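Here is what each chain is made of, one letter per residue.
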Amino acid sequence: MRYLSAAQVARLADVPPEARPYYRALADAVRALILDGRLPVRVRMPAERHLAATLGVSRTTVTAAYDLLRERGYLESRQGSGSWTALPDPASTADNPWLSTGQDGLIQLHAAAPPAPSALREAMAEALEDLPRYGMGNGYDPMGLPALRERIAARYTARGLATRPEQILVTTGSQHALHLAMSLLAGPGDPVLVESPTYTHAIDVARQRGARLVPVGISHEGWQADLVGCALRQSAARVAYLMPDFQNPTGALMDDATRAAVAGAARRADTMILIDETWAELDLDGGDGSHAPMAAFDNDNRMITIGSASKLWWGGLRIGWLRAGTALIRRLAVRRAAVDIASPVLEQLAVARLFDRLEETRAERLRGLRASRATLVAALRERLPAWQFAVPRGGGALWVRHDSGSAVSLCEAAATRGVRLAAGTWFGLEGTLEGYLRVPYTLPPAVLEEAVKRIAVAREHGPAAGGRPADALVPMI
Ligand SMILES: Cc1ncc(COP(=O)(O)O)c(C=O)c1O
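Since we're looking at a predicted model, the values are computed, not measured.

A. Representation of the sheet that holds strand S13 (residues 422-423) within the structure. If you walk across this open sheet you meet the 3 strands as S11-S14-S13, and the pairing is antiparallel. In this open sheet, the two edge strands, each paired with only one partner strand, are strand S11 (397-401) and S13. Judged from the 2 bridges that link them, S13 and strand S14 (residues 436-440) form a sheet pairing that is antiparallel. Paired with Ala 422 across the two strands is Arg 438, which belongs to S14.

Here it is in structure tokens:
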């Protein structure tokens, strides 16, 4: 098929005349048709004036719909030759739900990010008191403030991994840490091993580096050491990006025997391991606490560990860090000069103060997550009993196998019912993992109850009539 008539598009889109705003409903309908494969990619769309006449709307309405589709990457146009359907470039952010956080009135169930702890205000106030002493200096500390590096190092030591402050580089969030480490370790064409599913923005980083992603499948039960070993050997991976502590999105926890086996396999394959411990402090069920940090299994400086203040405390602080051998840390610090030179002083001071209240603040976070997890689990079991998931011991999300065929369509429908969801495909490569959703329990229980109610309606009845609902649909509960 090379082109579609106005009548064909109008029939397929089937937008109710009363939909408001109409241009958005039209754009959403066309986008859903493309995602469902009912409108092929690279098919010429009707001229705006023809479609407007057929639909009985003004030409500016159709122009606005086409503009929106272009902005999201579903339409390409060339002056004088018309417009074609398209799919957004996966490397672009045209249709990335991440960019809409908090601005569309939907329940933000696509992000696994808890709110700030009650101690934040006080930590900030104390940081402000500390600030004048730092204000005498120039404010740039590429390695991070000594006061914070000391506390981060002490925390690793307490967790069973002896660490000196010189082994720590403070970064602007762990995403920055991940980018920095990946940019040092992987270049264009280099094989990078990732778990499947994996953390979506790690895929972004590796893609941006032009790396070749090598997936190794994991489940709720976690990693199979022999598969990881085979994948490392066969792909000759330069880097393996792993989340042994409450893996995002599955919540899996790697046991000690697997940690040792994976470390050995990496040594034999000469692969560097990038360990993301962003969720490591959130062990909801405690257990026996016997697992040592992965880097405790490192005996030849091949592991770089990433940590973050975002999940234990708050993402808005934008403080993360890297732990590695001192020489590597210095190389990474030199590289950051090209990006941001140093992290903000006030936020570093606040995180240093939060480290001083680690036990109390973590207890509050764990209480909140446990309550939200219990509510989410109960609500899903009640309203969507066919959906399958294991309840993870820690972390912030359930990795759910749904029964709706396409996760993308389900997410589209849920958005029209007021819930922004994360489709499994977001965590996979090449469009895999359509059968899954990641459902975080980082929002309060009452919001999760409401969200599941709406998801169940979306699953049962599909999108709300008229496509996308009006903005500001969901009162925050
Ligand atoms: C596994 C993992 N790594 C890194 C990040 C980035 O976190 P931040 O940059 O806020 O520290 C996240 C955030 O969700 C995450 O889940």
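B. How the structure looks around the sheet that holds strand S6 (residues 212-217). Taken in spatial order, the 7 strands make up an open sheet running S4-S10-S9-S8-S7-S5-S6, and their pairing is mixed. The strands lining the two open edges of the sheet, one partner per strand, are strand S4 (168-171) and S6. Here the strands of the sheet are splayed against their neighbours by 20° on average, with no regard to which way each runs. In this sheet, strand S10 (residues 320-323) lies alongside strand S9 (residues 303-308) in antiparallel orientation, the contact comprising 4 bridges. If you follow Gly 307 over to S10, its bridge partner there is Trp 321. Across the sheet, helix H9 (residues 225-235) touches strand S5 (191-196), S6 and strand S7 (239-242), and the angle it forms with S6 is around 160°.

C. Up close: the domain arrangement of the protein chain. For the protein chain, the domain assignment lists domain 1 (6-85), domain 2 (97-116 + 360-473) and domain 3 (120-356). Facing the 10 residues of domain 1 at the interface are 6 residues of domain 2. Summing both partners gives a buried area of about 670 Å² for domain 1 against domain 2, and 43% of it is carried by carbon and sulfur. Among the residues domain 1 hides against domain 2, the three largest losses belong to Arg 24, Asp 28 and Leu 35. Together they make up 46% of the total. Our count for the domain 1 to domain 2 interface comes out at 1 salt bridge. Linking domain 1 to domain 2 there are 1 residue pair in polar contact (both at pLDDT 80 or more). Across the side of domain 1 that touches domain 2, the residue classes break down as 5 nonpolar, no polar and 5 charged.

D. Up close: the confidence of the model for the protein chain. Across the protein chain, the average pLDDT comes to 91, with 94% of residues at or above 70. Confidence drops under a pLDDT of 50 for residues 470-477, and excluding neighbours within four residues, the segment shows 16 contacts in the predicted structure.

E. Geometry of helix H1 (residues 6-13). The complete set of buried residues in H1 reads Ala 6, Val 9, Ala 10 and Ala 13. Viewed end-on, H1 has its buried residues packed into an arc of 100°, placing them on one side of the element. On its buried face, H1 is in contact with helix H2 (22-35) and helix H3 (48-55).

F. Examining the UniProt feature "domain: HTH gntR-type" (unreviewed entry) in the protein chain more closely. Mapped onto this structure's residue numbering, the UniProt feature "domain: HTH gntR-type" (unreviewed entry) falls at residues 20-88. What you have in residues 20-88 is 52% helix and 12% strand, and the ends, taken at the C-alpha atoms, are 25 Å apart.

G. A look at the pattern of salt bridges. With the rule as written, the count across this model stands at 27 salt bridges. We note a salt bridge from Arg 31 to Glu 412, for which the minimum N-O separation is 3.1 Å. With Arg 31 in helix H2 and Glu 412 in helix H15 (residues 407-416), the pair connects residues that are 381 residues apart, well separated along the chain. Neither Arg 31 nor Glu 412 differs from the other in exposure class; each is buried. Across the pair Glu 281 and Arg 362 runs a salt bridge whose closest N-O atoms are separated by 2.8 Å. One end of the pair, Glu 281, is in the loop between strand S8 (272-276) and S9; the other, Arg 362, is in helix H14 (residues 358-383), with 81 residues separating them in the sequence. Across the pair, exposure class does not vary: Glu 281 and Arg 362 are buried alike. Shared partners join several salt bridges into a network, and the residues in it are Glu 122, Glu 126, Asp 130, Arg 133, Arg 353, Arg 357 and Glu 360.

H. Summary view of the side chain of His 176. One can find His 176 in helix H7 (residues 173-185). Residue classification places His 176 among the buried residues on the basis of a relative accessible area of 10%. When near neighbours in sequence (up to four residues on either side) are disregarded, His 176 contacts Thr 171, Arg 336, Val 339 and Asp 340.

I. Seen up close, the packing of H1 against H3. Two elements in contact, H1 and H3, have axes whose closest approach is 9 Å; the angle formed by their N-to-C orientations is 55°. With respect to their mutual orientation, H1 and H3 come out oblique. Considering the relative orientation of H1 and H3, their crossing is right-handed. Contact with H1, carried on its side by Ala 6, Ala 7, Val 9 and Ala 10, involves His 50, Leu 51, Thr 54 and Leu 55 of H3 and no other residues of that element. The residue inventory of the contact of H1 with H3, partitioned by class, reads 6 nonpolar, 2 polar and no charged.

J. Geometry of the nonpolar core. In this structure, Leu 109, Leu 193, Trp 313 and Leu 380 are the most contacted members of the largest nonpolar core, which totals 85 residues. Counting residues domain by domain, this core receives three or more from each of domain 2 (97-116 + 360-473) and domain 3 (120-356). Excluding residues within four positions of it along the chain, Trp 313 makes contact with Pro 115, Ala 116, Pro 117, Val 351, Leu 354, Phe 355, Leu 358, Thr 361 and Arg 365. Core analysis: the next-biggest nonpolar cluster, separate from the first, contains 33 residues, Ala 211, Ala 324, Leu 328 and Leu 332 among them.

K. Focus on the site of the ligand. Of all residues adjacent to the ligand, which total 13 residues, the nearest are Ser 174, Asp 276, Ser 308, Ser 310 and Arg 318. A distance of 2.9 Å separates an oxygen atom of the ligand from a polar side-chain atom of Trp 279. Arg 318 is positioned such that a nitrogen or oxygen atom in its side chain is 2.7 Å from an oxygen atom of the ligand. For the ligand, whose unbound accessible area comes to 400 Å², protein coverage reaches 92%. If one sorts the elements of the shell around the ligand by residue count, H7 sits on top with 3 residues. Of the residues belonging to the shell around the ligand, the class tally is 3 nonpolar, 7 polar and 3 charged.

Rules used throughout
Residues numbered from 1 in each chain as written. Predicted model: local features only at pLDDT ≥ 70, side-chain atom pairs only at ≥ 80, totals over all residues. Heavy atoms only, no water. Pairing = 2+ DSSP bridges. Helix = DSSP H or I, 4+ residues; strand = E, 2+ residues; numbered from the N terminus. Axes fitted to C-alpha atoms, helices over the stretch in contact; angles between N-to-C directions. Contact = heavy atoms within 4.5 Å. Domains from an automatic or database assignment. Buried area = accessible area lost by both parts, 1.4 Å probe. Salt bridge = Lys/Arg side-chain N within 4 Å of Asp/Glu carboxyl O. Polar contact = N/O pair within 3.5 Å; in protein donor to acceptor, adjacent residues only side chain to side chain. Nonpolar A, V, L, I, M, F, W, Y, C, P; charged D, E, K, R; others polar. pLDDT = per-residue confidence, 0-100. Buried < 20%, exposed > 50% of the residue type's maximum accessible area, 1.4 Å probe, protein only. Arc of directions from axis to C-beta. UniProt positions renumbered as here; feature names shortened; annotations may be inferred. Parallel < 35°, antiparallel > 145°, perpendicular 65-115°, else oblique. Left-handed = near helix turned anticlockwise from the far one by under 90°. Core = buried A, V, L, I, M, F, W, Y, C linked by side-chain atoms within 4.5 Å. Near = heavy atom within 4 Å. Areas by Shrake-Rupley, 256 points an atom, 1.4 Å probe, with all protein chains shown as cover.

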